[in-house]
4 protein chains.
Amino acid sequence: MQLHPPSPSLLSTLPLFIMSHREVKVAVAGATGTVGQRFIVLLSAHPYFRISSLNASARSAGKAYKDAVKWKQPVPIPKVVLDMTVKQCRPEDFGDAEIVFSGLDSDAAGDIEEALRKAEYAVFSNAGNFRRDPLVPLVVPLVNPSHFAIVPHQKASLDLKKGFIITNANCSTTGLSIPLHALEKAFGPLETIMVTTMQAISGAGYPGVPSLDILDNVVPYIGKEEEKMEWELTKILGGLSDDQSAFEMHSKYPMKVSAACNRVPVLDGHLECASVRFARRPPPSPQQVKDALRAFYSEVQKLGCPSAPEQAIFVHEEPDRPQPRLDRYFQNGSGVSVGRVRECPVLDIKFVCLVNNVSIGAATSSIINAEYAVAKNIV
Amino acid sequence: MQLHPPSPSLLSTLPLFIMSHREVKVAVAGATGTVGQRFIVLLSAHPYFRISSLNASARSAGKAYKDAVKWKQPVPIPKVVLDMTVKQCRPEDFGDAEIVFSGLDSDAAGDIEEALRKAEYAVFSNAGNFRRDPLVPLVVPLVNPSHFAIVPHQKASLDLKKGFIITNANCSTTGLSIPLHALEKAFGPLETIMVTTMQAISGAGYPGVPSLDILDNVVPYIGKEEEKMEWELTKILGGLSDDQSAFEMHSKYPMKVSAACNRVPVLDGHLECASVRFARRPPPSPQQVKDALRAFYSEVQKLGCPSAPEQAIFVHEEPDRPQPRLDRYFQNGSGVSVGRVRECPVLDIKFVCLVNNVSIGAATSSIINAEYAVAKNIV
Amino acid sequence: MQLHPPSPSLLSTLPLFIMSHREVKVAVAGATGTVGQRFIVLLSAHPYFRISSLNASARSAGKAYKDAVKWKQPVPIPKVVLDMTVKQCRPEDFGDAEIVFSGLDSDAAGDIEEALRKAEYAVFSNAGNFRRDPLVPLVVPLVNPSHFAIVPHQKASLDLKKGFIITNANCSTTGLSIPLHALEKAFGPLETIMVTTMQAISGAGYPGVPSLDILDNVVPYIGKEEEKMEWELTKILGGLSDDQSAFEMHSKYPMKVSAACNRVPVLDGHLECASVRFARRPPPSPQQVKDALRAFYSEVQKLGCPSAPEQAIFVHEEPDRPQPRLDRYFQNGSGVSVGRVRECPVLDIKFVCLVNNVSIGAATSSIINAEYAVAKNIV
Amino acid sequence: MQLHPPSPSLLSTLPLFIMSHREVKVAVAGATGTVGQRFIVLLSAHPYFRISSLNASARSAGKAYKDAVKWKQPVPIPKVVLDMTVKQCRPEDFGDAEIVFSGLDSDAAGDIEEALRKAEYAVFSNAGNFRRDPLVPLVVPLVNPSHFAIVPHQKASLDLKKGFIITNANCSTTGLSIPLHALEKAFGPLETIMVTTMQAISGAGYPGVPSLDILDNVVPYIGKEEEKMEWELTKILGGLSDDQSAFEMHSKYPMKVSAACNRVPVLDGHLECASVRFARRPPPSPQQVKDALRAFYSEVQKLGCPSAPEQAIFVHEEPDRPQPRLDRYFQNGSGVSVGRVRECPVLDIKFVCLVNNVSIGAATSSIINAEYAVAKNIV
């Protein structure tokens, strides 16, 4: 039934954009881990990023990548990295890379990313360590690349010339922030958001969730996930201060968010049942909401970032979509799917949203963020 | 890992109650279907209900039960029905049964249940056909057996002496109504209820959900389920008119309910993430809510109805419970489990609730309803 | 974790072959069914087959394809068929197609395919109806395209000029026949084959296996599957009579086959644990077997059939491969994966084989068979 | 669909045997682990075993059991152990227990069990460490309790009065050995056994198999499992030397065994597809095989061991049984289910066998072994 979902390697074969970019050397920190492997798959087919360095723990250093990694992707290890020698994660190990993509675990990410920034690398991190840092943008590329405007202040505060850190958001936050942003753009501020998530096991990494805990089961708890969603959404959907030195945290229009997060026996794709209330009265109708979601077009798309989706939000009319297994490969996992847009008897509008947690919910966001930085000459 | 959940047959071996009840002859309509099979398992171990008639379609009639049924339960066919001859579903086929338990499909249930009532049978139905009937109580036995008070009016309106129909509620409604009722009893009316369900495949019957639709997937839609939850809760949680001739529909304290219903790859047990707002300000604290849920004791328990749970609501303190696979056999499936009681940033209190959809969410409710009727001499 | 498996549309973008073929018009019978949908996905990206007719039941006839179909593929409906009008399955409804691909259910396939052949169409069928017909080749394209040699006799016997029927094999048979054929080619006849299959739910079609039957379960039985494997393997692996008018059924070297077939909760990909004994003594070593499997190269590959895999058999050295989820997209599902080649304490060699039941195990085989026929001017 | 499987606590309420046994104090080593938890559930309801000591690692020692354990069973922690203080696993920590049940992990089991034996405890171990020891019986209680006859030799060799070790077998070996023994008892020695297993995830313990490895997947490899099955079966099915000082290893009638072991997404219950050849020609017919399996009655049953199944082997006539989910609770998990008994085109007879790997495949076997030892005054 499940037929060949679209391939990332298509990115390199299709004439998605014409502008000829200079080649940019990039490193992958945490290259042997799950997120690192995904960075490698995506970057090995990238039109202008070239992997110049693979960095991991001292245990892996010195080995050929193919010997250091326990490869868990359903596509073979890209040839370009097969025999590359893995190096450690000290700043001096990253050579002439301009950008470091960090797929490090959070227990290592803090120190290493800080040291890399200090050594003047541009760090695009999937780790959570700096998400709450008042100098570090938390960027969902389809939502708030405008937050890159704080980068000069970040550099200045730390007395750096080129070094900075950009983080992307938690996977479930990322997915919901995209339609919410589209709605705010069209209809003004949201007042209230309630969301219940049904999250895939791949969100917990590997080995992650024991099969005995999740087969024929749902676990109604994911450590710190609800707090992340409730807090990160305010940072992402909020603006910057006028002098572009602080995050406004949606404080002009206080936004209440309540999340309930569950783990379900699904491999990839987080499904989220959301309900929202707009400040504007009367609120938009379901049809207006659907029209606005379909019309949404983000800056990274306008700029032709090659990993950005052609269409950011697909709105289903079928009553039973989106579904993780059928819709997670939409736009190669770089867009989100929305369905069941209808009136909510309590708030204004309820809908269902699906995000591919391992694509736009993780490595793909870091890569689009970096593409944006390149396009805007921030890197 | 999964060890021997408790057995229904224990019900008959344990001294759950002392009063000696007269034996009551009961029939099972739709005896060969999934719900009918469950009625038979439960009734065959019942202390005073005796199965005197098995009724099904004309296709099954005339056969021994063991030859007519495609048995799908993990316990063997009870010996007492093995060779019983299946009869049709015309009123004259039900013999001297006093009570008819109906596990009929909704396409057949309407006409047959009506005819049985007219023939002066007491019908306890798991089908949905009469749930919205203004004369028929929709009874969750742990919540609103008080609605039996409309039965005299039902009989009088139809010029009947003994015949009446009682329905039990939709499985997901049943599960949520129990803690909601406990909260209203302790803290007064609820104003707002938001709930997202993750429902087991057994809720769709057999063959029900195709495996290709649900393996590695979630389906964010169950036909008419949201409407049922939103409407049924107002009937169940509301009272009766003063003259006990009409349902009040929670109209004195209008209650807004918003439900989002999902099908997940779980065999048995519906998990529900709920959030509620009380009329009373300030609302109760999470600790007060937990205390009230634990203290809840319903009338059917006080009356010693043998199929009622010893404890109606179990409140978990562990952060990751209840879970369908671990908790669905609590109280042999006749109680509900609640966990994660905490403040809601939007409404007042949020929590997770688990209901065994094939036990208290279905046949067990009908049986406790009938036990209540026997205890109160309504039958 | 599961990343973008390779896409069939790549077939059209990659320079897999250079020869310029004439365009061939093809029809899909049973176009709205599961197999029909897969034919359409594959054919819509085909280098020289052009879909000229979509045929289905009278119920669908007259509608636009997009309105007639309940699309169940994880890629959108190909644009080329979106608005094509569906026609019935009478011979006069197939227009100027030269080839008809049949994804019909077996209850309809017999009469329709026979009528199409009589109407001088070349029919490539995935249905089982004609597999045991003494005039009809049962062709696994990587194994026995040589059986096309009986086509002249088939036509002559029925007094036809162009009409003939080719069937492909049962999905689990197909998968095993490929390594078995490679072994016979390298080491001579096999005497004994024992195989236990673990088959995906997609093999049963849609709605197919109820989820209540297979979640947290294995069903050790698939109707008629063991008989099919035991019989079909002798037809496929056997030769033709000298005058190319009959199937030899491996009768020169009688071959005993014993199959045990199980359904497991896997979406796509049949895994088979096989053990074999060779006639030749001493038998080949595991290393020789692996070398032979890797070296295997079939005629359809030599001819450059565009849907044939680059590599027919991938041999894993890891102890725990192949696995359905990780390896079913190998070669876009057109090759098979073998692993755990080792000595058998009872027979000679045991190994594990994985076949993508919905690709080479079904529609892909029909298409390669048709490509072979085009290449050999049989069509 | 899945209704309340039978409960172990029934064991204590039902008059399964009349003989009045003396109470026997028992300890559980590895009490906080998965197997230890199962020992506790079973022993807490045992008619004459009384838990007098819970022993675990130094980390758990000193704590109340309820605080030391991460309980993973679907029944609550038995009250009798809730507040028992956990002790270490040094011999002096086991007090006046006569029997030690060992659920220790294999990395700790070797030294501890050896020390306990030396300290004159009777050790019944579920660990694999001593299974190949030439002095230690490997006992499947329904098959070879006769191997207890080597215990005097074990004691004498080690100069011990009461101390000895008995192990039970690997879970998949246990399941297959029961019908194989029944067949040998009825029809004489088996010459050849081929078996492919589909094993539940609970066989790998907790956390065990990562969900990302097994959801929508089969893993065709379980480390050392095939070697265990192939070797253990010869020890279990073989006899003792005439002087009862050595295991005969089925050497009088050499037996070839070939196993292929797979992990499937099933919680509990190993399914095994077996095919066998008898020495006796002609071999028994399928009907004779079914009759013999049904008639099989073992010594532990005759002795009235309270945890032994009433019926050891249930033979299904339905074509699609046994199935793990429907049949794993047969006889409370202490018996095995066999189905699909039919002729094998290669060997003589093939059939399917289901064993509850966490009951008779693990702790239940140790307990029945101990019951046998008590009944025979070996302990």
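Residues numbered from 1 in each chain as written. Chains lettered and ligands numbered in written order. Predicted model: local features only at pLDDT ≥ 70, side-chain atom pairs only at ≥ 80, totals over all residues. Heavy atoms only, no water.

Caption draft 1: How the structure looks around the pairing of strand β1 (residues 24-29) of chain C. All names here are of chain C. With five of six residues buried, β1 lies mostly within the body of the structure. Relative to strand β2 (residues 49-55), β1 runs parallel, the two being bridged by six bridges. Counted as the bridge partner of V26 is I51 from β2. Each parallel crossover has a hand, and the one from β1 via helix α2 (residues 34-44) to β2 is right-handed. With four bridges connecting them, β1 and strand β3 (residues 99-102) associate as parallel partners. For V26, the partnering residue across the bridge sits in β3 and is I99. (Buried < 20%, exposed > 50% of the residue type's maximum accessible area, 1.4 Å probe, protein only. Helix = DSSP H or I, 4+ residues; strand = E, 2+ residues; numbered from the N terminus. Pairing = 2+ DSSP bridges. Right-handed = clockwise from strand over helix to strand, strands pointing away.)

Caption draft 2: Summary view of the sheet that holds strand β8 (residues 270-278) of chain D. Residue and element names in this part refer to chain D. Within the open sheet, the six strands sit side by side as β7-β6-β8-β11-β10-β9. Their pairing is mixed. Edge strands, defined here as strands with exactly one partner in the open sheet, are β7 (256-263) and β9 (313-315). For this sheet the average axis-to-axis angle between neighbouring strands, irrespective of direction, equals 20°. Alignment of strand β10 (residues 336-343) against strand β11 (residues 349-355), held across six bridges, turns out to be antiparallel. Pairing of V338 across the sheet is with C353, part of β11. Helix α7 (residues 171-187) rests against β6 (190-199), β8, β9, β10 and β11 of the sheet, and its axis sits at about 30° to β8. Where helix α9 (residues 225-237) meets the sheet, it contacts β6, β7 and β8, and its direction lies at approximately 145° from that of β7. (Axes fitted to C-alpha atoms, helices over the stretch in contact; angles between N-to-C directions. Contact = heavy atoms within 4.5 Å.)

Caption draft 3: Main features of the interface of chain A and chain B. Counting residues at the interface gives 48 residues for chain A, matched by 48 residues for chain B. Both faces considered, chain A and chain B share a buried interface measuring about 3,600 Å² in area, 61% of it formed by carbon and sulfur atoms. Considering only the side of chain A, the residues that lose the most area to chain B are D216, P220 and V346 of chain A, jointly responsible for 17% of the buried surface there. Measuring nitrogen to oxygen at the nearest pair gives 3.2 Å for the salt bridge that ties E230 of chain A to K350 of chain B. At the level of secondary structure, the elements contributing two or more residues to the side of chain A that touches chain B comprise β6 (190-199), α8 (211-214), α9 (225-237), β7 (256-263), β8 (270-278), α12 (324-327), β10 (336-343) and β11 (349-355) of chain A. Element by element, the count of residues in the side of chain A that touches chain B is highest for β7 of chain A, at seven residues. Partitioning the side of chain A that touches chain B into residue classes produces 28 nonpolar, seven polar and 13 charged. (Buried area = accessible area lost by both parts, 1.4 Å probe. Salt bridge = Lys/Arg side-chain N within 4 Å of Asp/Glu carboxyl O. Nonpolar A, V, L, I, M, F, W, Y, C, P; charged D, E, K, R; others polar.)

Caption draft 4: Examining the pattern of salt bridges more closely. Taken as a whole and judged by the stated rule, the model has 76 salt bridges over all chains. The residue R90 of chain A makes a salt bridge to D93 of chain A at a minimum N-O spacing of 2.9 Å. Exposure remark for R90 of chain A: the relative accessible area of 40% places this residue in the partly exposed category. Residue classification places D93 of chain A among the buried residues on the basis of a relative accessible area of 9%. Measuring nitrogen to oxygen at the nearest pair gives 3.0 Å for the salt bridge that ties E98 of chain C to R22 of chain C. One end of the pair, E98 of chain C, is in the loop between α4 (79-82) and β3; the other, R22 of chain C, is in the loop between α1 (10-13) and β1, with 76 residues separating them in the sequence. Judged by relative accessible area, which is 30%, E98 of chain C ranks as partly exposed. Taken together, the salt bridges that share partners define one network made up of R90, E92 and D93 of chain A.

Caption draft 5: Examining the pairing of strand β7 (residues 256-263) of chain C more closely. All names here are of chain C. Across the eight residues that make up β7, a large majority, seven, are buried. Looking at chain direction, strand β6 (residues 190-199) and β7 are connected through eight bridges and run parallel. Along β7, the bridge assignment pairs M194 with S258.

Caption draft 6: View of the sheet that holds strand β5 (residues 164-167) of chain A. Residues and elements named next belong to chain A. Taken together, the five strands give an open sheet; going across it, the order is β2-β1-β3-β4-β5, and neighbouring strands pair in parallel fashion. Each edge of the open sheet is held by one strand with a lone partner, namely β2 (49-55) and β5. Across the sheet, the mean angle from the axis of one strand to that of its neighbour is 25°, orientation sign disregarded.

Caption draft 7: Looking closely at unusual backbone geometry. That bond from R281 of chain B to P282 of chain B is cis: its omega, -10°, falls within 30 degrees of zero. Among the structural elements, P282 of chain B can be located in the loop between β8 (270-278) and α10 (286-295). The residue after R321 of chain C, namely P322 of chain C, is reached through a cis peptide bond having omega 5°. As for its placement among the helices and strands, P322 of chain C is situated in the loop between β9 (313-315) and α12 (324-327). One non-glycine residue, D159 of chain B, lies in positive phi territory at about 60°. Its location among the elements puts D159 of chain B in the loop between α6 (151-158) and β5 (164-167).

Caption draft 8: Structural view of helix α2 (residues 34-43) of chain A. All names here are of chain A. With eight of its 10 residues buried, α2 lies for the most part within the structure. Of all the positions in α2, only G36, Q37, R38, F39, I40, V41, L42 and L43 are classed as buried. The inward-facing, buried residues of α2 contact β1 (24-29), β2, α3 (65-68), α4 (79-82), β3 (99-102) and α13 (363-375).

Caption draft 9: Up close: the UniProt feature "active site" (unreviewed entry) in chain A. All names here are of chain A. On the UniProt side, "active site" (unreviewed entry) is annotated at positions that read C171 and H270 here. Judged by maximum C-alpha separation, these annotated positions cover 100 residues in sequence but sit close together in space, the widest gap being only 8.1 Å. Exposure remark for C171: the relative accessible area of 13% places this residue in the buried category. Beyond its immediate chain neighbours, meaning those up to four positions away, C171 contacts E225, H270, V355, N357 and G361. With respect to the element layout, H270 can be found in strand β8. A residue is classified by how much of its surface remains accessible, and H270, at 0% relative accessible area, is buried. In contact with H270, not counting residues within four places along its chain, are C171, S172, M198, Q199, A200, G203, R263, C353, L354, V355 and N357. (UniProt positions renumbered as here; feature names shortened; annotations may be inferred.)

Caption draft 10: Region of the structure containing the relation of the copies chain A and chain B. Between chain A and chain B, which share one sequence, the superposing operator has a rotation angle of 180° and an axial displacement of 0.0 Å; the RMSD is 0.0 Å. Read as a symmetry element, the transformation amounts to a two-fold axis. (Least-squares fit on C-alpha atoms with pLDDT ≥ 70 in both.)

Caption draft 11: Quick peek at the domain arrangement of chain A. All names here are of chain A. By domain assignment, chain A separates into domain 1 (24-170 + 364-376) and domain 2 (171-357). Taking only C-alpha atoms, the centre of domain 1 and the centre of domain 2 are 25 Å apart. Counting residues at the interface gives 34 residues for domain 1, matched by 36 residues for domain 2. At the boundary of domain 1 with domain 2, the tally comes to two salt bridges. With its nearest N and O atoms 3.3 Å apart, the salt bridge here joins E232 to R131. Looking at the side of domain 1 that touches domain 2 element by element, the count peaks at seven residues for α13. Looking at side-chain class alone, the side of domain 1 that touches domain 2 contains 19 nonpolar, nine polar and six charged residues. (Domains from an automatic or database assignment.)

Caption draft 12: Molecular detail of the confidence of the model for chain A. All names here are of chain A. Residue-level pLDDT values for chain A average 93, and 94% of them are 70 or greater. Scored below 50 in pLDDT, residues 1-20 makes 68 contacts in the model with residues more than four places away or belonging to other chains. The complex model carries a pTM of 0.94, and its ipTM stands at 0.92. (pLDDT = per-residue confidence, 0-100.)

Caption draft 13: Structural context of the UniProt feature "domain: Semialdehyde dehydrogenase NAD-binding" (unreviewed entry) in chain A. Sites flagged by UniProt as "domain: Semialdehyde dehydrogenase NAD-binding" (unreviewed entry) map to residues 25-151 of chain A. Taken end to end, residues 25-151 of chain A is 25% helix and 16% strand, and its two terminal C-alpha atoms sit 21 Å from one another.

Caption draft 14: Just the packing of helix α7 (residues 171-187) of chain B against helix α9 (residues 225-237) of chain B, in detail. Residue and element names in this part refer to chain B. Where α7 meets α9, the axes come as close as 10 Å, and the angle between the chain directions of the two elements is 35°. Between α7 and α9 lies a crossing of right-handed hand. Touching C171, S172, T173, L176, S177, L180, H181 and E184 of α7 are E225, K228, M229, E232, L233, I236 and L237, all from α9. Split by residue class, the contact of α7 with α9 holds seven nonpolar, four polar and four charged. (Left-handed = near helix turned anticlockwise from the far one by under 90°.)

Caption draft 15: Here's a closer look at the environment of V139 of chain B. Residue and element names in this part refer to chain B. Take V139: it is sitting in the loop between β4 (122-125) and α6. By relative accessible area, V139 is classed as buried at 0%. For V139 and N168, which are 29 residues apart along the polypeptide, the C-alpha to C-alpha distance reads 5.0 Å. Here V139 is in contact with N144, P145, H147, F148, I166, T167, N168, A169 and N369, once residues within four sequence places are set aside.

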